[in-house]
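Architecture and fold: a report
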Amino acid sequence: MAGVGDAAAPGEGGGGGTDSQERDGRGEAEQPGGGGSHGPSPAPQHTETLGFYESDRRRERRRGRAELSLLRFLSAELTRGYFLEHNEAKYTERRERVYTCMRIPRELEKLMFFGIFLCLDAFLYVFTLLPLRVFLALFRLLTLPCYGLRDRRLLQPAQVCDILKGVILVICYFMMHYVDYSMMYHLIRGQSVIKLYIIYNMLEVADRLFSSFGQDILDALYWTATEPKERKRAHIGVIPHFFMAVLYVFLHAILIMVQATTLNVAFNSHNKSLLTIMMSNNFVEIKGSVFKKFEKNNLFQMSNSDIKERFTNYVLLLIVCLRNMEQFSWNPDHLWVLFPDVCMVIASEIAVDIVKHAFITKFNDITADVYSEYRASLAFDLVSSRQKNAYTDYSDSVARRMGFIPLPLAVLLIRVVTSSIKVQGILSYACVILFYFGLISLKILNSIVLLGKSCQYVKEAKMEDKLFDPPPASTPGKPSSKSHNKSRPSQGLSTEENLSASVTSQPAHQKENVIPLLVTSNSDQFLTTPDGDDKDITQENSELKHRSSKKDLLEIDRFTICGNRID
């Protein structure tokens, strides 16, 4: 039995050894790279690895909770750092915006200064050169039989327009004598402050509407009176247009008189509450402007409107001062009483314009250099109005560009001056004549300086070549197409000499057999060209013929504000 047991023991031991070998063999077969080449990886190894990482994370979290304390948090907040250069572009843009806002007042006031003198030049033209031009036109009309009829026209188109302006001015001046300024002043003064505030706001809106529609009425009269007789009649006649123009100038002059009277009541109020409310109305304008989307063209229209508004306010303040000085028998001491209020109104207007333009340029990512482009565009209008192919008077181009029509304002100022200042005796008439010659000298000096500055701005903007381009022409109902053959300056003269010669020469008259065409200003092509557009302007004009008429009208209306056209 012992032998059997001994024999069995090795067998069992051997059998156990065989089983362990078989298990080891299966383990080796299951390992990658072992006897079995197609066996999968063992799952227990991955489980052990994941368990190790999970336990490590738990230990880190327990260690972090143990180290978390109020002092450690405070220390982290005090020593926390960051690097601005990681977002350099963002902070550089913010700095440039600040610099742009700092440059806006200077660039805006340069544009305003230039634009106000443009309005002053057009305004002085009505008092100085227009009477002389009317006198020359009437002299030509009266002496024409002595020299014979050499031309089919009795008068040139510009002379016809001058006579019409002069007649409208005289008729409206006599019509204004039937309007009692004193009665209007006491009628307005009897109203409450809130009612006057509402009236003043309504007058501002009505003034813009009158300006937008009034220039169309005057242009229609000028074109109807000078249209060649060979053309088929498509109008109601010169006389109806003339009466419409007279009625418009008269009503607009009364509107401006009511504005001046309301401002005069505000100046003469005891507690100055109405003046304060009217000044606060300028700041309400900021709310309605800065949070809107503006493009360069829209900002240009707003700048022109601000120039016109500021110049009109200056004339209204002059009228208020004249009326007040008349009531106090021209006492110089009363002028110093009015001086602080005048300065306050002007300062509030300047501050509102600066804040408004600064935030508009900031919100719409417009650089301050755009105001130099606007100034160059206004200068281009001035220079192009003195070319040989000029198609409009300079005062009319200012009226279209800025919405400033000098005729109603001139009628009101003449009415106020003649009623405030009494001229008696030879010495008084001599002073009036000297004052008139002084106005002529001021007009000529202002025109010379403006023309020189305008030529400088046009050269800086590299727009002088456009002055020698033929004006684009179009017939009614057809889109305009510009010829690619540009008239270049003569080879014997430089560009500067041609520019100087062109602005001092007289406009060339078209022949009678040439059908007059509608033309537009090249300055709009310069201004309305999108940024970064490398196409030539002539290519853009050639593409206009492929557009539909509806799209052309939409493009025109896109650059209008309250009906003020930019032609």
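Residues numbered from 1 in each chain as written. Predicted model: local features only at pLDDT ≥ 70, side-chain atom pairs only at ≥ 80, totals over all residues. Heavy atoms only, no water.

If you look the protein up in an unreviewed UniProt entry, it shows as Transmembrane anterior posterior transformation 1 from Sciurus vulgaris. In its Subcellular location (unreviewed entry) section, UniProt records this for the protein: "Membrane". According to the UniProt record, the Sequence similarities (unreviewed entry) comment for the protein reads "Belongs to the TAPT1 family." (UniProt positions renumbered as here; feature names shortened; annotations may be inferred.)

Focus: the packing of aromatic side chains
Per the stated rule, a full pass over the model turns up 14 aromatic pairs. Both rings, one in Phe123 and one in Phe127, keep their centres 5.0 Å apart while their planes meet at 80 degrees; by these two values the pair is edge-to-face. Remark: Phe127 and Phe123 occur in helix α4 (residues 88–127); sequence separation between them is four residues, near one turn of the helix. Here Phe123 and Phe127 have matching classes, each one buried. Between Phe359 and Phe363 the ring centres are 5.8 Å apart and the planes differ by 45 degrees, which places this aromatic pair in the tilted class. With Phe359 and Phe363 both in helix α12 (residues 332–363) and four residues apart, this pair spans about one turn of that helix. (Phe/Tyr/Trp six-rings, centres within 6.5 Å; stacked < 30°, edge-to-face > 60°. Helix = DSSP H or I, 4+ residues; strand = E, 2+ residues; numbered from the N terminus. Buried < 20%, exposed > 50% of the residue type's maximum accessible area, 1.4 Å probe, protein only.)

Re the environment of Val167
Along the chain, the position of Val167 falls in helix α6 (residues 157–176). C-alpha separation for the pair Val167 and Val246, spaced 79 residues apart in sequence, amounts to 9.1 Å.

Things to note about helix α11 (residues 296–327)
End to end, α11 covers 47 Å across 32 residues, agreeing with the expected 46 Å (1.5 Å per residue, within 8%). When you tally the buried positions in α11, you get 26 out of 32 residues, the bulk of the element. Phi turns positive, to about 55 degrees, at Ser329, one or two residues after α11. (Expected span 1.5 Å × (residues − 1).)

Topic: the UniProt feature "transmembrane region" (unreviewed entry) in the protein
Following the UniProt record, one finds the feature "transmembrane region" (unreviewed entry) at residues 111–136, 156–179, 238–258, 404–421 and 427–452. Along residues 156–179 the backbone is 83% helical and 0% strand, and the end-to-end C-alpha distance reaches 36 Å. Secondary structure content for residues 404–421 is 83% helix and 0% strand, and the end C-alpha separation is 27 Å.

Overview of the confidence of the model for the protein
Of all residues in the protein, 69% attain a pLDDT of 70 or more, and the chain-wide mean is 75. Low pLDDT, under 50, characterises residues 509–526; the stretch is placed with 46 contacts to residues that sit more than four places away or in other chains. Predicted confidence is poor over residues 528–567, with pLDDT under 50, and the contacts of this stretch with residues over four places away or in other chains come to 58 contacts. (pLDDT = per-residue confidence, 0-100. Contact = heavy atoms within 4.5 Å.)

Thoughts on the pattern of salt bridges
In the structure shown here, the tally under the stated rule is 16 salt bridges. For Glu93, the salt bridge goes to Arg97, with nearest N and O atoms at 3.2 Å. One end of the pair is Glu93 and the other is Arg97, both in helix α4 and four residues apart, which spans about a single turn. A salt bridge links Glu107 to Arg106; the shortest N-O distance between them is 3.4 Å. Its relative accessible area of 56% is what places Arg106 among the exposed residues. Each of the salt bridges in this network shares a partner with another, and the network as a whole consists of Glu109, Asp306, Arg310, Asp353 and Lys356. (Salt bridge = Lys/Arg side-chain N within 4 Å of Asp/Glu carboxyl O.)

Points about helix α16 (residues 426–460)
With 35 residues, α16 should reach 51 Å at 1.5 Å per residue; the first-to-last C-alpha distance of 51 Å fits that figure. For α16, the set of buried residues is Leu439, Ile440, Lys443, Asn446, Ser447, Leu450, Leu451, Ser454, Cys455, Tyr457 and Val458. Phi turns positive, to about 60 degrees, at Lys462, one or two residues after α16.

Side note on unusual backbone geometry
Here the phi dihedral of Ser329 falls at roughly 55 degrees; this positive angle occurs in a residue that is not glycine. By secondary structure assignment, the location of Ser329 is in the loop between α11 and α12. With a phi angle near 55 degrees, Trp330 is a residue other than glycine that sits in the positive phi range.

Quick word on the environment of Phe267
Within the secondary structure, Phe267 sits in helix α9 (residues 238–268). We classify Phe267 as buried; its relative accessible area is 2%. Separated by 75 residues in the primary sequence, Phe267 and Val342 have C-alpha atoms spaced 8.8 Å apart. Each residue touching Phe267, except ones within four places of it in the same chain, is listed here: Lys272, Leu275, Leu317, Val320, Leu338, Asp341, Val342 and Val345.

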